[in-house]
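Commentary on secondary and tertiary structure
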Amino acid sequence: MTRIAVLLSGRGSNFLALAEAIRRGLVPGCEIVLVLSNKADAGGLEAARKLGLEARAIPSKGVPRAEHDQQMIAALLAAKVDLICLAGYMRIISPEFISAFPNQILNIHPSLLPAFPGLDAQGQALEYGAKIAGCTVHFVDEQVDHGAIILQRQVPVLDEDTHDTLAARILVEEHQAYAEALRRVLSGEYRLVGRRYIKV
Ligand code: GRF
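Bear in mind that the values here come from a model prediction, so they are computed numbers and not experimental data. Throughout, residues of each chain are indexed from 1 in the direction in which the sequence is written. With pLDDT at 70 or above as the cut-off, local features in this predicted model cover only qualifying residues; side-chain atom pairs require 80 or more to be listed or tallied, and sums for whole chains, interfaces and linings still use all residues. The basis for every side-chain value is the complete set of non-hydrogen atoms in the structure, without hydrogens or water.

1. Things to note about the overall build of the chain
Counting from the N terminus, the helices are the DSSP runs of H or I reaching at least four residues and the strands are the DSSP runs of E reaching at least two. Within the chain, the secondary structure is distributed over six helices and nine strands. The C-alpha radius of gyration of the chain comes to 16 Å, within 12% of the 16 Å expected for a compact globule of 200 residues. Considered along the principal axes of its C-alpha atoms, the chain spans approximately 50 × 45 × 35 Å. Any residue under 20% of the maximum accessible area for its type is buried, any over 50% is exposed, and the rest in between are partly exposed; the area is computed with a 1.4 Å probe on protein chains only. With 200 residues in all, the chain has 48% of them scored as buried. We call two residues in contact whenever any of their non-hydrogen atoms come within 4.5 Å of each other. Intrachain contacts of the chain at a sequence separation of at least 6 include 62% that bridge at least 24 residues. Note on areas: these come from Shrake-Rupley sampling with a 1.4 Å probe, and a residue is covered only by the protein chains present in the view. A total of about 10000 Å² of accessible surface is found on the chain, and carbon and sulfur atoms cover 53% of it. Throughout, the radius of gyration refers to the C-alpha atoms, and the reference size of a globule is 2.2 Å times the residue count to the power 0.38.

Next up, the structure:
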């Protein structure tokens, strides 16, 4: 069984969609063993506890990044996790964190990377006038929203879209994408060739 940790800072809808997909047997061979947040009041922590999962806050406010990341790494190592899924974890993670888990950290971002990295990707897409938006699940490397792409899903940007309608349309795809990306990673059928994550 691949032991998964989910890191989140907010409501945790991506975490819940992933947990539900795993519960339904759609992502064979894995279990969520730990949910961690840098915010004690993250809705996702409460939701995880309701599902009977181990859920802990390691507060980051006022703590230097290196120190906070060390606490996170220690918790992840103690839980013997094999894979880490960032799901709305609103912290940039340090190179030390990344090298402690090489190619074992995944992130979901609400744009078709490399377009619109960083905060409020949906707002950036709307303002830029993009006609196609979407989401990306990717491996985490030392640059923000940059690592090799595992998969992407696209949605149209409609003339009548507001920030909220576009974000909601992208979120529907996000909720499919993480489970699908994890299936690919766990299948053992894909390899990284340069930046390309392809079936070999
Ligand atoms: C999602 O849009 C995700 O792509 C981004 O942060 C948001 C988290 O939402 N990284 P939720 O907490 O999973 O509902």
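2. Notes on helix α6 (residues 163-187)
By this rule the span expected of a helix is its residue count minus one, scaled by 1.5 Å. In this model, α6 (25 residues) spans 35 Å end to end at C-alpha, consistent with the 36 Å of a helix rising 1.5 Å per residue. The angle between axes fitted to the seven-residue stretch ending at a residue and the seven-residue stretch beginning at it gives the bend at that residue. Maximal helix bending in α6 amounts to about 25 degrees, located at Ala-177. Remark: Gly-188 follows α6 within two positions and exhibits a positive phi of approximately 75 degrees.

3. Side note on the domain arrangement of the chain
Domain segmentation is taken from an automatic or database assignment of domains. What the domain assignment reports for the chain is domain 1 (1-102) and domain 2 (108-200). Spacing between the C-alpha centres of domain 1 and domain 2 amounts to 19 Å. Across the boundary between the two partners, domain 1 contributes 21 residues, which contact 15 residues of domain 2. The largest contributions to the domain 1 side of the interface with domain 2 come from Asn-14, Leu-86 and Ile-98, which together make up 30% of the buried area. Counted as a polar contact is a pair of N or O atoms within 3.5 Å, where, for protein atoms, one must be capable of donating a hydrogen and the other of accepting one, and residues adjacent in sequence contribute only when both atoms are in side chains. Counting the contacts that link domain 1 with domain 2 gives four residue pairs in polar contact (both at pLDDT 80 or more). Ten residue types, Ala, Val, Leu, Ile, Met, Phe, Trp, Tyr, Cys and Pro, are classed as nonpolar, four, Asp, Glu, Lys and Arg, as charged, and the remainder, Gly among them, as polar. Of the residues contributing to the side of domain 1 that touches domain 2, the split by class is 17 nonpolar, three polar and one charged. Note on terms: buried area is the combined drop in 1.4 Å-probe accessible area of two parts once they are placed together, counting the loss on both.

4. What about the site of the ligand?
Close to the ligand lie Arg-11, Gly-12, Ser-13, Asn-14, Gly-88, Ile-108, His-109, Pro-110 and Glu-174, which account for all nearby residues. Arg-11 is positioned with one of its side-chain polar atoms (N or O) 2.4 Å from an oxygen atom of the ligand. Here an oxygen atom of the ligand sits 2.8 Å away from a polar atom, N or O, in the main chain of Asn-14. Protein chains shield 87% of the accessible area of the ligand, which is 370 Å² for the free molecule. Elements represented by at least two residues in the shell around the ligand include exactly α1 (13-23) and β5 (105-109). Tallied by class, the residues present in the shell around the ligand amount to two nonpolar, five polar and two charged. In terms of domain composition, the shell around the ligand takes at least three residues from each of domain 1 (1-102) and domain 2 (108-200). By convention in these notes, a residue is near a molecule or strand provided one of its non-hydrogen atoms lies within 4 Å of it.

5. Some points on the pattern of salt bridges
Salt bridge criterion: a side-chain nitrogen from Lys or Arg within 4 Å of a carboxyl oxygen from Asp or Glu. For the coordinates displayed, the defined rule picks out nine salt bridges. For Glu-54, the salt bridge is made with Arg-56, and the minimal N-O distance between the two is 3.0 Å. In this structure, the salt-bridge partner of Asp-161 is Arg-169, at a minimum N-O distance of 2.7 Å. Via salt bridges that share partners, Glu-180, Arg-183 and Arg-184 belong to a single interconnected network.

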